[in-house]
Amino acid sequence: MSFENWTLRRRLVVGVSALLGVVIVLVGVVSVGTVRASLLDLVDAQVTTAMSSLQNSTERARLHDLPAKTEWTPEAKPMVDFAGQAGGSVIALVRDGEVIDSAFFGEPDPVEVPAASQDVLIGEFSDASSPHTVDLGGDLGSYRMMSVVRTAGGVLIAGIPLASVETAVAHQALGIGL
């Protein structure tokens, strides 16, 4: 049965159904994109807070934990000893193309960032003062990260994992798809 032989009723039902299907798909795509953008805005605020906490920790270490007029160095107080970082976050100090110190705040205790992820950190940052997405690979996955150039030399890097954002967006997309 060719299209020309369809009744007007059948043509209208198929046409309206197709149009409705396209509208539903567009609403779903826009909805998922909007939720993802909103969640990234929240994570950007968290990574900005993490960077402030990192900067405060280095300054606090310099002022309170070290002899007078001494700059903070990882040897004096390693980053794994810094407080105020959220679970799953990553911080690092990169200087002259090398990760000088780093910390991944996992459970149960903070540890140094894995070497493969450190290589990504070295290649990604010089001065990325606004948050952007970086895949640290391995078990760490994608992070929203930013960096700040230190007056004492090197680049401080802070990052918040995107796993919860990716999960929420996938759940919403699945919910809309069903």
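Our subject is the structure listed above.
## Brief notes about the overall build of the protein
Right, on to step 1. Counting its regular elements, the protein contains three helices and five strands.
Right, on to step 2. Along the chain direction, N to C, the helices and strands of the protein fall in the order α-β-β-α-β-β-β-α.
Right, on to step 3. With 178 residues in all, the protein has 34% of them scored as buried.
Right, on to step 4. In the protein, once contacts between residues fewer than 6 apart in sequence are set aside, the share between residues at least 24 apart is 47%.
Right, on to step 5. A total accessible area of about 10400 Å² is found for the protein, and carbon and sulfur atoms account for 59% of it.

## Digging into the packing of aromatic side chains
Any pair of aromatic rings gets described here by the distance separating the centres and the angle formed by the planes.
Right, on to step 1. Applying the stated criterion across every chain yields a total of zero aromatic pairs.
Right, on to step 2. Here the basic side chain of Arg10 rests over the ring of Trp6, its NZ or CZ set 5.3 Å away from the ring centre.

## What to know about the nonpolar core
As a rule of thumb, soluble globular proteins bury nonpolar side chains together.
Right, on to step 1. Core analysis: the biggest nonpolar cluster contains 20 residues, and Met51, Leu54, Met79, Ile91, Leu156 and Ala158 have the highest contact counts within it.
Right, on to step 2. Here this core gets seven residues from one element, more than from any other, and that element is helix α1 (residues 8-65).
Right, on to step 3. For Met51, the residues in contact, after removing those within four places along its chain, are Met146, Ser147, Val148, Leu156, Ile157 and Ala158.
Right, on to step 4. In this structure, Val90, Leu121, Val134 and Val155 belong to the second largest nonpolar core, which totals 14 residues.

## Examining a nonpolar patch on the surface
Right, on to step 1. Side chains of Leu19, Val23 and Val27 sit close together on the surface and give an oily, nonpolar patch of about 270 Å² of accessible area.
Right, on to step 2. Note that Val27 resides in helix α1.
Right, on to step 3. Among the residues examined, Val27 registers a relative accessible area of 52% and is labelled exposed.

## Things to note about the sheet that holds strand β5 (residues 155-161)
Paired through backbone hydrogen bonds, the strands of a sheet run either parallel or antiparallel to each other.
Right, on to step 1. With respect to topology, five strands assemble into an open sheet ordered β2-β1-β5-β4-β3, the strand pairing being antiparallel. Of all the strands in the sheet, the pair left with one neighbour each is β2 (98-104) and β3 (132-135). Neighbour-to-neighbour, the strand axes of this sheet turn through a mean angle of 30°, independent of strand direction.
Right, on to step 2. Looking at chain direction, β3 and strand β4 (residues 142-149) are connected through four bridges and run antiparallel. Pairing of His132 across the sheet is with Met145, part of β4.

## So, the pairing of β5
Right, on to step 1. When you tally the buried positions in β5, you get six out of seven residues, the bulk of the element.
Right, on to step 2. Bridge count for strand β1 (residues 90-95) against β5 is five bridges, and the pairing is antiparallel. Its bridge partner being in β5, Ile91 is matched across the sheet by Ala158.
Right, on to step 3. Of the pairings in the sheet, the one linking β4 to β5 comprises seven bridges and is antiparallel in character. In the sheet register, Met146 faces β5, and the bridge partner there is Ala158.
Right, on to step 4. Between β4 and β5, which pair antiparallel and follow one another directly, the connecting turn spans five residues, one of which, Gly153, has a positive phi of 105°.

## Examining the pattern of salt bridges
Right, on to step 1. One pass over the structure, following the stated rule, counts one salt bridge.
Right, on to step 2. When the shortest N-O distance is used, the salt bridge between Asp44 and Arg144 registers 2.6 Å. Of this pair, Asp44 sits in helix α1 while Arg144 is found in strand β4, placing the two residues 100 residues apart along the sequence.

Conventions and cut-offs
Residues numbered from 1 in each chain as written. Predicted model: local features only at pLDDT ≥ 70, side-chain atom pairs only at ≥ 80, totals over all residues. Heavy atoms only, no water. Helix = DSSP H or I, 4+ residues; strand = E, 2+ residues; numbered from the N terminus. Buried < 20%, exposed > 50% of the residue type's maximum accessible area, 1.4 Å probe, protein only. Contact = heavy atoms within 4.5 Å. Areas by Shrake-Rupley, 256 points an atom, 1.4 Å probe, with all protein chains shown as cover. Phe/Tyr/Trp six-rings, centres within 6.5 Å; stacked < 30°, edge-to-face > 60°. Lys NZ or Arg CZ within 6 Å of the ring centre and 35° of its normal. Core = buried A, V, L, I, M, F, W, Y, C linked by side-chain atoms within 4.5 Å. Patch = residues over 30% accessible without salt bridge, like charges linked within 9 Å, V, L, I, M, F, W, Y side chains within 5 Å. Salt bridge = Lys/Arg side-chain N within 4 Å of Asp/Glu carboxyl O. Pairing = 2+ DSSP bridges. Axes fitted to C-alpha atoms, helices over the stretch in contact; angles between N-to-C directions.

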